[in-house]
Each structure stands twice: as C-alpha cells, then as structure tokens.
Amino acid sequence: MYRVEHRDLQRIPDEGAALLVCNHVSFVDALLIAGAIRRPIRFVMYYKIYNLPVLNFIFRTAGAIPIAGRNEDEATYERAFARIAAALTAGEVVCIFPEGKLTADGEIDEFKSGVTRILQVTPVPVIPLALQGLWGSFFSRDPAKGLFKRLWSRVTIVAGEAVVGDLAGPEVLRERVLGLRGGRR
C-alpha cells in the first residue's frame, strides 16, 4: 500500500545503542520503520494496544515495550523506563514516538519529556527520524478524508544527524524532526 523511499538511514549506527525519535502519523509507523532499518528495533508503545488479544503475542515477540501515562498506571510507566534503560545498556536500538499519540491533524505535537528521562539514565546518541507522506493515507487518522483515504502513498523515511548530550532535549528534537519532515505531512 506504500511506496517507501529511505533517505540517510546510514546515520543509524550499525552497532551500539541508539534512541530513535520519530513523528507519529499512522497506525503502521512502526512497521514502516522496522522494515526500513537493518537492525532490530525495540518500539515503545501504548500498553492498551500492546495488551490487545492476539496482537500481544506479536508485540511481545518483537520485543515491544509497553508504556502508560504516569497518572494512568504508574507501575507500567516505571517498568517501561527500566526496560528502555536495559535495552539501551545492552546496545540495542529503541524507538519512541515522543508526541505520545497519533497526530490528529497531521502536524507534529509537543514532544513529551520522556526522552530527557531516558537520556539521564542512559546517555546514547539520539537519531531524529521523520515520516513524510503518510498523513491522509489509509492508516492515518485524517478525519477530513473519511473512508476516501489514499490507498497508494509515497512515503519517505528520513534520518537526521545524531544529537548527543544536552542538545537532545524535547524542544530541539522536535525542531529537528520538523526540519526533516519539511512540508510533506
């Protein structure tokens, strides 16, 4: 359903820990990213979706990390950060969608502070990613299109330069992702 182009994905290291941060446009973002990147990726996902019957087996097998809002389920929230730290310490790649939800209007929302907490415990390179061309496609939440969403979309996954240290705050990372996305939602 998607014609996917990759740009600058060689910026993701072939080995060693890295944290990927990406805009969240559709229900298939993780599948597109996992299919584009050679290394296995541990995706952080909302625990209610993670726990769906049948799909839970797939998510567990893929090594996804369930997370909840702190006020929603503090134990799941804390366990998620411990699992993220363990994965990064083990040299794995972890991907988060720091907006915390799918976009409702195609724009990139505020990035939550979870990335700061992750990097305080496990300082690793952060690779900003942008998904272009997914808004309005079949698996996005574009209410204006209703049932008449695009079935065949040109999608681009773009990786930016690694961000390290104090530069890897939520505002800076959001600006980097915005820059990578450009005008293509």
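Residues numbered from 1 in each chain as written. Predicted model: local features only at pLDDT ≥ 70, side-chain atom pairs only at ≥ 80, totals over all residues. Heavy atoms only, no water.

Engineer: Is there a simple way to explain the packing of aromatic side chains in this structure?
Structural biologist: Counted according to the given criterion, the structure contains four aromatic pairs. Here Phe-43 and Phe-97 contribute two aromatic rings whose centre-to-centre distance is 6.5 Å and whose plane-to-plane angle is 10°, an arrangement assigned as stacked. Residue Phe-43 is located in strand S3 (residues 41-46), and its partner Phe-97 is located in the loop between strand S5 (93-96) and helix H5 (114-121); the two are separated by 54 residues in the primary sequence. Both residues of the pair, Phe-43 and Phe-97, count as buried. In this structure, Arg-117 packs its charged tip against the face of Phe-81, placed 4.3 Å from the ring centre. (Phe/Tyr/Trp six-rings, centres within 6.5 Å; stacked < 30°, edge-to-face > 60°. Helix = DSSP H or I, 4+ residues; strand = E, 2+ residues; numbered from the N terminus. Buried < 20%, exposed > 50% of the residue type's maximum accessible area, 1.4 Å probe, protein only. Lys NZ or Arg CZ within 6 Å of the ring centre and 35° of its normal.)

Engineer: Even after reading the chapter, I still don't get the pattern of salt bridges, so can you show me in this structure?
Structural biologist: Any two side chains of opposite charge can pair, given that their charged atoms come close. Inspection of the entire model under this criterion finds nine salt bridges. Asp-14 is the salt-bridge partner of Arg-38, the closest N and O atoms lying 2.7 Å from each other. Here Arg-38, found in the loop between helix H1 (29-36) and S3, pairs with Asp-14, found in the loop between strand S1 (2-7) and strand S2 (18-22); they are 24 residues apart in sequence, far enough to count as distant. Arg-38 gets classed as exposed once you look at its relative accessible area, which sits at 72%. Its salt-bridge partner being Lys-101, residue Asp-109 comes within 2.3 Å of it at the nearest N-O pair. A single network of salt bridges, built from pairs that share partners, joins Asp-8, Arg-11 and Glu-161. (Salt bridge = Lys/Arg side-chain N within 4 Å of Asp/Glu carboxyl O.)

Engineer: Can you help me understand the confidence of the model for the protein in this one?
Structural biologist: As a note on interpretation, predicted positions should not be read in detail where pLDDT is low. Per-chain confidence: the protein averages 90 in pLDDT, with 94% of residues scoring 70 or above. Averaged over each element, pLDDT in the protein is lowest for S1 (88) and highest for S5 (98). (pLDDT = per-residue confidence, 0-100.)

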